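Single-letter residue listing:
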Amino acid sequence: MCDELNRILKQRELLFGNQQCWIINKSNISGSGVFTNKSYETGEIIFRDTPIVIGPRSSVLPPACVSCMKMGVPLITCSKGCRLPVCNSECENTISHERECRLLLEFSVKKGEFWSPLLYRALTALRCLLVSDEEKKLIKCLSANKKTNHIEMLFLKKELLKNFSDEEEQFLNLSCAVLSGTAFETELGEGKIKASLRGLYPLAGMMNHSCVPNTQHYFLLENNIQTMYVVATCPIPEGMELTTHYSYLFWPTIIRRHFLFATKQFWCTCNRCGDPTEFDTNLSALECNCGGLILPLCSIDMKSDWKCGSCDEVVPASKLPFAKPLEVLNKSETTSGYKMKYFSIIEKFEQVWSVGHKNTPYEALTDEELENKEKITKELIALNNSLKLGDSRIKGIGIHYVKGMSDLIKKIIYNYFFSHYIKTNRFYII
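Residues numbered from 1 in each chain as written. Predicted model: local features only at pLDDT ≥ 70, side-chain atom pairs only at ≥ 80, totals over all residues. Heavy atoms only, no water.

Student: So what exactly am I meant to see when it comes to the overall build of the chain here?
Tutor: The secondary structure content of the chain amounts to 11 helices and 21 strands. By residue count, 50% of the 430 residues in the chain fall in the buried class. Of all intrachain contacts in the chain linking residues separated by at least 6 positions in sequence, the fraction that spans at least 24 positions is 62%. By element, 50% of the accessible surface of the chain is carried by carbon and sulfur atoms, the whole surface being about 21,100 Å². (Helix = DSSP H or I, 4+ residues; strand = E, 2+ residues; numbered from the N terminus. Buried < 20%, exposed > 50% of the residue type's maximum accessible area, 1.4 Å probe, protein only. Contact = heavy atoms within 4.5 Å. Areas by Shrake-Rupley, 256 points an atom, 1.4 Å probe, with all protein chains shown as cover.)

The following block contains the structure:
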């Protein structure tokens, strides 16, 4: 299997430069993984990847043109009857759209005056039927979500009059599962008007998850292809497995693990998840009435008791508010009266964001406010370093919030971006 994957991926010309600097091999984390064939320094590009398919996310509207993926422009319904939105006749007649248009017409799209939001949201999965046989082999090798009911299939069956063959339906269901389990989110557009997309990047998709990843990625539009570049966030020796992440790295362990299980159908057991102190940061800790910190005795056992390190009080898991842990993200205090240390970290992020960014311009800040901002920034960067996150996006620019990302998470922090900016000999977040 690994030999076949290496052969197909090499044929896709996913290499950065002339030397293949990665190899697919058996992983101790899960299944197969991507390993280095050379050492890398922090910030060095390891490989680039191009998508097998890319298109709209299944949960996102308003729409973009399905051909050029522009948003903020008037959309019309394709005149050929596929009921997908395009921005003009030129986009309607592109080769890529004509293929998916013909495919939809073969399955007899229901008549309608306007374009179909359901077909738009199912389009990325449908595009998997149009890829080459070699690319279908890659899709079959990627990690798939274990869920069996996929919303894209419901959308397609509601808008198409003809049924898929057994083989087509089986592959579509697999494609939906792989998109749910492995697709990377990306955006196209300028300024604030960007199309929200998801793409299957086969080589990047072979990387396993870790809550202490040694890579990060970014996207560049090259020759009208949304290309992914994977970069080392720390020194990586030859032969080490490359890892990415599917959760938010400043969440405490219990939140991360539940999120990964809810969205990707696996329980993470990485080194960070296995350490109740999260590398001595105590990010998961609850504050005890005695002033000490309550931590799980076994952080990867969801039924484990928790214990205070000062007064030795043992708190059974049944008395903790983690039946629906993702709901804890929006509360300042748990239902059992315990406050999580995580909340104090969030307060620091909010302070940094509001001072000189959200509420008050930098020019109006006092020396005391600047000094406090600098102090909190250094604390958060120190936390990033203690969590062994290296030069990740957490050291980028700004702090961003995501609203309505999914039903599971609302008003949660998406990425924490940091950078240093010099003003009157001070460094602070911009």
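Student: What is the right way to read the sheet that holds strand S16 (residues 314-315) from this model?
Tutor: Pairing between the strands of a sheet comes from backbone hydrogen bonds, and it takes one of two forms, parallel or antiparallel. Across the sheet, which stays open at both edges, the five strands sit in the order S16-S15-S14-S13-S17 with antiparallel pairing between neighbours. Looking at the sheet topology across the chains shown, the edges are occupied by S16 and strand S17 (339-340). Where strand S13 (residues 286-287) lies against strand S14 (residues 293-296), two bridges are found, and the strand directions are antiparallel. By the bridge assignment, Leu-286 is partnered in S14 with Ile-294. (Pairing = 2+ DSSP bridges.)

Student: What exactly am I supposed to notice about the packing of helix H4 (residues 117-127) against helix H6 (residues 151-159) here?
Tutor: Where H4 contacts H6, the axes come no closer than 8 Å and their chain directions differ by 120 degrees. One finds that H4 runs oblique with respect to H6. In this structure, H4 crosses over H6, and the sense of that crossing is left-handed. Contact with H4, carried on its side by Leu-118, Leu-119, Arg-121, Ala-122, Ala-125 and Leu-126, involves Ile-151, Glu-152, Phe-155, Leu-156, Lys-158 and Glu-159 of H6 and no other residues of that element. In terms of residue class, the contact of H4 with H6 is built from eight nonpolar, no polar and four charged. (Axes fitted to C-alpha atoms, helices over the stretch in contact; angles between N-to-C directions. Parallel < 35°, antiparallel > 145°, perpendicular 65-115°, else oblique. Left-handed = near helix turned anticlockwise from the far one by under 90°. Nonpolar A, V, L, I, M, F, W, Y, C, P; charged D, E, K, R; others polar.)

Student: Would you mind showing me how to read the state of the cysteines here?
Tutor: Any covalent bond linking the sulfur atoms of two cysteines counts as a disulfide. For the structure shown, the criterion picks out zero disulfides. Free of any disulfide, Cys-68 has its nearest cysteine sulfur in Cys-87, 3.6 Å distant. For Cys-68, a relative accessible area of 30% translates into the label partly exposed. As a non-bridged cysteine, Cys-78 has Cys-82 as the owner of its nearest cysteine sulfur, 3.7 Å distant. (Disulfide = S-S within 2.5 Å.)

Student: I keep staring at the nonpolar core and nothing clicks. Help me out?
Tutor: Soluble globular proteins tend to pack their nonpolar side chains together in the buried interior. Grouped together as the largest cluster of nonpolar side chains are 75 residues, with contacts concentrated most on Ile-24, Phe-47, Phe-164 and Leu-200. Counting residues per element, this core draws most heavily on H4, which supplies seven residues. Not counting chain neighbours up to four residues away, the residues in contact with Leu-200 comprise Thr-50, Pro-51, Ile-52, Val-53, Ile-139, Leu-142, Val-178, Leu-179, Thr-182 and Ala-183. Ile-254, Trp-306, Phe-349 and Leu-383 belong to the second largest nonpolar core, which has 28 residues in total. (Core = buried A, V, L, I, M, F, W, Y, C linked by side-chain atoms within 4.5 Å.)

Student: Looking at this model, I keep getting lost on the pairing of S14. Mind explaining?
Tutor: On any regular strand, side chains alternate: one points to one face of the sheet, the next to the other face. Between S13 and S14, which pair antiparallel in sequence order, lie five residues; one of them, Gly-291, sits at a positive phi of approximately 100 degrees. Relative to strand S15 (residues 306-308), S14 runs antiparallel, the two sharing three bridges. Paired with Leu-295 across the bridge in S15 is Lys-307.

Student: Honestly, helix H7 (residues 166-182) in this entry has me stumped. Any pointers?
Tutor: In an α-helix there are 3.6 residues to a turn, and that puts residues three or four apart on one side. In a regular helix each residue adds 1.5 Å, so 17 residues correspond to 24 Å; H7 covers 24 Å between its end C-alpha atoms and thus fits that length. Taken residue by residue, H7 has Phe-171, Leu-172, Ser-175, Cys-176, Ala-177, Val-178, Leu-179, Gly-181 and Thr-182 as its buried positions. (Expected span 1.5 Å × (residues − 1).)

Student: Would you mind going over the environment of Ser-116 with me for this structure?
Tutor: Locating Ser-116 in the fold gives a position in the loop between helix H3 (95-106) and H4. We classify Ser-116 as buried; its relative accessible area is 0%. For the pair Ser-116 and Leu-84, spaced 32 residues apart in sequence, the C-alpha to C-alpha distance is 6.2 Å. Beyond its immediate sequence surroundings of up to four residues, Ser-116 is in contact with Arg-83 and Glu-159. Only 2.5 Å separates the side chain of Ser-116 from the side chain of Glu-159, close enough to count as a polar contact. (Polar contact = N/O pair within 3.5 Å; in protein donor to acceptor, adjacent residues only side chain to side chain.)

Student: In this structure, what is going on with the pattern of salt bridges? I would like to understand it.
Tutor: Two side chains bearing opposite charge may form a pair once their charged atoms approach each other closely. What the rule picks out here adds up to 13 salt bridges. Measuring nitrogen to oxygen at the nearest pair gives 2.8 Å for the salt bridge that ties Arg-198 to Glu-152. Residue Arg-198 is located in strand S8 (residues 193-199), and its partner Glu-152 is located in helix H6; the two are separated by 46 residues in the primary sequence. Residue classification places Arg-198 among the buried residues on the basis of a relative accessible area of 7%. Under the relative-accessibility criterion, Glu-152 is labelled buried at 4%. The salt bridge partner of Glu-169 is Lys-157, with a shortest N-O separation of 2.7 Å. (Salt bridge = Lys/Arg side-chain N within 4 Å of Asp/Glu carboxyl O.)

Student: How do you make sense of the sheet that holds strand S11 (residues 225-232) when you look at a structure like this?
Tutor: Sheet architecture is open: three strands sit in the order S3-S11-S10, paired in antiparallel fashion. Strands at the two margins of the open sheet, each flanked by one partner only, are strand S3 (45-49) and strand S10 (215-222). Here the average twist between neighbouring strands, direction ignored, is 25 degrees. Pairing analysis gives eight bridges linking S10 to S11, with the strands arranged antiparallel. Residue pairing for S11: Leu-221 is matched across the bridge by Gln-226.

Student: Where do I start with the packing of helix H1 (residues 2-11) against helix H5 (residues 133-141) in this structure?
Tutor: Helix packing for two helices is described by the angle between their axes and how far apart those axes are. Packing of H1 against H5 leaves a shortest axis separation of 10 Å and a crossing angle of 130 degrees. Taken together, H1 and H5 sit at an angle that is classed as oblique. Between H1 and H5 lies a crossing whose hand is left-handed. Residue-level contacts link Glu-4, Leu-5, Arg-7, Ile-8, Leu-9 and Gln-11 of H1 to Glu-134, Lys-137, Leu-138 and Cys-141 of H5. For the contact of H1 with H5, the residue count by class is five nonpolar, one polar and four charged.

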